[in-house]
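The chain contents come next:
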Number of protein chains: 2
Amino acid sequence: MALGEFDLIARYFTREARKAALGIGDDCALLAPAAGMQIAVSSDMLVEGRHFLSTVAADRLGHKSLAVNLSDLAACGAKPLAFTLALAMPRVDEAFLEGFSRGLFALADAQGCELVGGDTTQGPLTISITVFGEVPAGVALLRSGARAGDDLYVSGQLGDARLALEVFRGSAGIDAAVVDEVRGAMELPQPRVALGMALRGIARSAIDVSDGLLGDLSHLLRRSAVGATIEVDALPRSAALRRQSIAWQRLCTLAGGDDYELAFSAAPADAGRVAEAAQRAGVAVTRIGRIDPEPGLRLLDAQGATVANDFASFDHFRS
Amino acid sequence: MALGEFDLIARYFTREARKAALGIGDDCALLAPAAGMQIAVSSDMLVEGRHFLSTVAADRLGHKSLAVNLSDLAACGAKPLAFTLALAMPRVDEAFLEGFSRGLFALADAQGCELVGGDTTQGPLTISITVFGEVPAGVALLRSGARAGDDLYVSGQLGDARLALEVFRGSAGIDAAVVDEVRGAMELPQPRVALGMALRGIARSAIDVSDGLLGDLSHLLRRSAVGATIEVDALPRSAALRRQSIAWQRLCTLAGGDDYELAFSAAPADAGRVAEAAQRAGVAVTRIGRIDPEPGLRLLDAQGATVANDFASFDHFRS
């Protein structure tokens, strides 16, 4: 027997409302923000074949669908509160729903982020999540706060998700021993929520790296009306990526896409506070360059020579 | 030249932030709720071929995509504040984007509802909107408040959207003179926001009728642990629908889908306040039955004879 829409929601997605004043099952969910808090909101849509491979395990897809949204909250320094899920599926597939909801709720529970509403319908596999976080008024990390002279940082490592994609596409090869590791970077990104919150009042600007470092950084620089110099050989990357050619390493770290790390700037005088925040959050951060007064992005290698910036940003209409 | 994702957003969807503390262009939008206000949240996803015909005009699709979400706010008595839009399109089609954004913003502006963020990507045409409204704490209209003895009401008219669908399917015929009128019911639903707000403190329960009256009402009854008796010949419907057979009239009004009217209950002593609220909102409301203590839905005709309840609810996985 095919399950109907309402049965589906009930079986896999209904849970007791906890933090929300009213959760799933009415026309709207009700959020009751604490006094002085702003609500940070972000929406991302994932489409099969474009944002994920059809071969991905359902639980990993559930994880990633929420993770990419939490990454936007992290970039604002917001604390996750709740999310809505709109899900189109070609057919009712209970094995998929079981895995998807398991992966989704494992991350949601770990981050204290409650499912409060949504919609399910028949259609090509498409996942649209809107996430809500809270941040004290005036404290959110913005793209617009970078100043000339700031140090530029990135969290974690860059490029493994793109490396995994190229391995799946057959255009790059890696040791069998590290396939699972780079695949994990692509399928199980860890949103830097704790780091974003730890950087409140320390970072002057921040953005999440989802479409490739250069592309995302260019948004931050434009919003802040500044430029930057990046030390491309200083970009943090895995041992697996280091075994690729320099050209692959640069493509993956600079324009890889799907990293979900934070890029942020802070005053040089706050370098110690940045290091403390990173330690508190349990995430490595690496200084990768500096903010310049003149617009544009300049890329330098370890010898200080200019690297040509001919990397196209990852664009979900172009790639 | 194909426009990239970011150019698209800029050209058709970026406007100055007004009510929101921070609008489009950062990782998150920031909403600053007024003291004592709860945020009502709802998400709906529309998929081509399932929620709308591929022949629909782009501006009407823009209107409807937001209208179906605003209808959920209306059912809670919430005042629209903001929304996010996630849009998958097979290709960058500027004529579509121009029309879609025009229809979307016309309704958004009329309702004071600001676009604060979203996502655009390539994929089968899919529109996912999450809408935010505000309502004073404790005031939201809920599905769970109906009590035995309440009068049951519905706003506007039921059934024309389904009639239009059946005309397009070729299974019903209507006069050419009224085609545009019933098509308007399907493509340009008017969310009952003003009515929902006017019913604060008057209606004891409310739900929006999107999947057919019987199906939606059954959610309200279950949540309220009551039943209801509906006078099927009292259901408000258009002259065009009245010219159809009784069987078609009943199917369309009781289980039509896509009505986006409000069904609500109120104490008989508040009948005058209901009428005043309807007048203030400029929307007709019709008493269609009563809430009973015993569970289940009973259907009666104008002579008081039982009508068999063999109408299947509209289900986006079944229909």
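Structure first, text after, so check above.
Since we're looking at a predicted model, the values are computed, not measured.

The rules we used
Residues numbered from 1 in each chain as written. Chains lettered and ligands numbered in written order. Predicted model: local features only at pLDDT ≥ 70, side-chain atom pairs only at ≥ 80, totals over all residues. Heavy atoms only, no water. Helix = DSSP H or I, 4+ residues; strand = E, 2+ residues; numbered from the N terminus. Expected span 1.5 Å × (residues − 1). Buried < 20%, exposed > 50% of the residue type's maximum accessible area, 1.4 Å probe, protein only. Polar contact = N/O pair within 3.5 Å; in protein donor to acceptor, adjacent residues only side chain to side chain. Pairing = 2+ DSSP bridges. Axes fitted to C-alpha atoms, helices over the stretch in contact; angles between N-to-C directions. Contact = heavy atoms within 4.5 Å. Least-squares fit on C-alpha atoms with pLDDT ≥ 70 in both. Phe/Tyr/Trp six-rings, centres within 6.5 Å; stacked < 30°, edge-to-face > 60°.

1. What about helix α3 (residues 94-110) of chain B?
Residues and elements named next belong to chain B. The end-to-end C-alpha distance of α3, which contains 17 residues, comes to 24 Å, matching closely the 24 Å that a straight helix rising 1.5 Å per residue would cover. When α3 is considered as a whole, its buried residues turn out to be Phe-96, Leu-97, Gly-99, Phe-100, Ser-101, Gly-103, Leu-104, Phe-105, Leu-107 and Ala-108. Looking at where α3 begins, the residue whose side-chain oxygen comes 3.1 Å from the main-chain nitrogen of Ala-95 is Asp-93. Of the residues flanking the end of α3, it is Gly-112, one or two places downstream, whose phi is positive at about 65°.

2. Side note on the sheet that holds strand β4 (residues 114-122) of chain A
Strand order across the open sheet formed by five strands is β4(A)-β3(A)-β5(A)-β2(A)-β1(B), with mixed pairing between neighbours. Each edge of the sheet is formed by a strand with only one pairing partner; in this case those strands are β4 of chain A together with β1 (29-31) of chain B. Strand-to-strand twist in this sheet, taken as the mean axis angle between neighbours without regard to direction, amounts to 20°. Two elements, strand β3 (residues 79-89) of chain A and β4 of chain A, share eight bridges in a ladder whose sense is parallel. Its bridge partner lying in β4 of chain A, Leu-87 of chain A is registered against Thr-120 of chain A. Packed onto the sheet, helix α2 (residues 58-76) of chain A meets β2 (37-47), β3 and β5 (126-136) of chain A and runs at close to 30° relative to β5 of chain A. Sheet contacts for helix α3 (residues 94-110) of chain A: β3, β4 and β5 of chain A; angle to β3 of chain A, the most-contacted strand, approximately 165°.

3. Quick notes on the relation of the copies chain A and chain B
For the pair chain A and chain B, the best superposition has an RMSD of 0.0 Å and corresponds to a rotation of 180° with a translation of 0.0 Å parallel to the axis. Each copy turns onto its partner about a two-fold axis. Same-surface contact between copies: 100% of interface residues of chain A are shared with the interface of chain B.

4. Observations concerning the pairing of strand β11 (residues 296-300) of chain B
The side chains of a regular strand alternate between the sheet's two faces. All names here are of chain B. Burial along β11 is one-sided: the face carrying Leu-297 and Leu-299 is buried and the face carrying Gly-296, Arg-298 and Leu-300 is not. Sheet analysis places strand β8 (residues 227-231) next to β11, joined by five bridges and oriented parallel. Along β11, the bridge assignment pairs Ala-228 with Leu-297.

5. A word on the sheet that holds strand β7 (residues 205-209) of chain A
All names here are of chain A. Spatially, six strands are ordered β7-β9-β6-β10-β8-β11 in an open sheet, and the strand pairing comes out mixed. Pairing within the sheet leaves two strands with one partner each, and these edge strands are β7 and β11 (296-300). Here the strands of the sheet are splayed against their neighbours by 25° on average, with no regard to which way each runs. Most of the contacts of α2 go to β7, to which it runs at about 165°, and overall it touches β7 and β9 (261-266).

6. Quick notes on the packing of aromatic side chains
Going through the model one piece at a time under the given rule, you end up with five aromatic pairs over all chains. Their ring planes at 90° and their centres at 5.5 Å tell us that Phe-132 of chain A and Phe-132 of chain B sit as a pair that is edge-to-face. Of this pair, Phe-132 of chain A sits in strand β5 while Phe-132 of chain B sits in strand β5 (residues 126-136), which puts the two residues in different chains. You can call Phe-132 of chain A buried: its relative accessible area is 1%. Here the aromatic rings of Phe-96 of chain B and Phe-100 of chain B are separated by 5.5 Å at their centres, their planes lie at 25°, and the arrangement is stacked. Here Phe-96 of chain B and its partner Phe-100 of chain B are both found in helix α3, four residues apart, which amounts to about one turn of the helix. Using a relative accessible area of 14% as the deciding quantity, one classes Phe-96 of chain B as buried.

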